[in-house]
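Close look at the chain arrangement
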Amino acid sequence: MSAPAIPAACAHHPTQGGLVVPYVSFEHNGLPVFGGLDPDKRTRAFENDLCQIRERPLGQRYEALTWWATPAPGSDWPVAGSRT
């Protein structure tokens, strides 16, 4: 199976295995860890309204991914990804 085509807006970004490496990706030994977030880059993107993929300003319209969370039994803290 081949990797999907890279959008023109991301063509100048680094790739690994044919996939664009998101700006906020954690790196280990110089290689991106897909799904791993670098806490400093994530914070910078959030505080400055930057795209987590392209490191560019989001502008007025943007989408966000969210998920349901419910408190763990005996706790006030949510368990990520859990549903009621």
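Structure report, in brief. (Residues numbered from 1 in each chain as written. Predicted model: local features only at pLDDT ≥ 70, side-chain atom pairs only at ≥ 80, totals over all residues. Heavy atoms only, no water.)

Digging into the pairing of strand S4 (residues 31-37)
In terms of strand pairing, strand S3 (residues 25-28) meets S4 through 4 bridges, oriented antiparallel. Note that in S4 the partner of Phe26 across the bridge is Val33. Counted between consecutive antiparallel strands, the loop separating S3 from S4 contains 2 residues, among which Asn29 sits at a positive phi close to 55°. (Pairing = 2+ DSSP bridges. Helix = DSSP H or I, 4+ residues; strand = E, 2+ residues; numbered from the N terminus.)

Re the side chain of Asp38
Along the chain, the position of Asp38 falls in the loop between S4 and helix H1 (39-47). Of the side chains bearing the opposite charge, Lys41 lies closest to the buried Asp38, which forms no salt bridge; the N-O distance is 4.8 Å. Among the polar contacts made by the side chain of Asp38, one reaches the main-chain amide nitrogen of Asp40 at a distance of 2.9 Å. At 3.0 Å, the side chain of Asp38 forms a polar contact with the backbone nitrogen of Lys41. For Asp38, the residues in contact, after removing those within four places along its chain, are Val24, Ser25 and Phe26. (Buried < 20%, exposed > 50% of the residue type's maximum accessible area, 1.4 Å probe, protein only. Lys, Arg positive; Asp, Glu negative; His and termini not counted. Salt bridge = Lys/Arg side-chain N within 4 Å of Asp/Glu carboxyl O. Polar contact = N/O pair within 3.5 Å; in protein donor to acceptor, adjacent residues only side chain to side chain. Contact = heavy atoms within 4.5 Å.)

Re unusual backbone geometry
Even without being glycine, Asp49 reaches a positive phi, approximately 50°. Of note, Asp49 is situated in the loop between H1 and strand S5 (69-71). Looking at Asp49, the relative accessible area reads 45%, which means it is partly exposed. Of note in the backbone geometry, Glu55 takes a positive phi value of approximately 60° without being a glycine.

Observations concerning H1
Two to three positions downstream of the cap, the backbone nitrogen of Asp40 sits 2.9 Å from a side-chain oxygen, assigning the N-cap of H1 to Asp38. After H1 finishes, the residue Asp49 shows a positive phi value of roughly 50°.

Some words on the environment of Pro32
Checked against the element boundaries, Pro32 lands in strand S4. Note: C-alpha distance between Pro32 and Val21 (11 residues apart in sequence) is 6.9 Å.

Looking at the pattern of salt bridges
All chains considered together, the criterion is met by 1 salt bridge. Arg44 is the partner of Glu55 in a salt bridge, and the nearest nitrogen-oxygen pair spans 2.9 Å. You can see Glu55 sitting in the loop between H1 and S5 and its partner Arg44 sitting in helix H1, a full 11 residues away along the chain.

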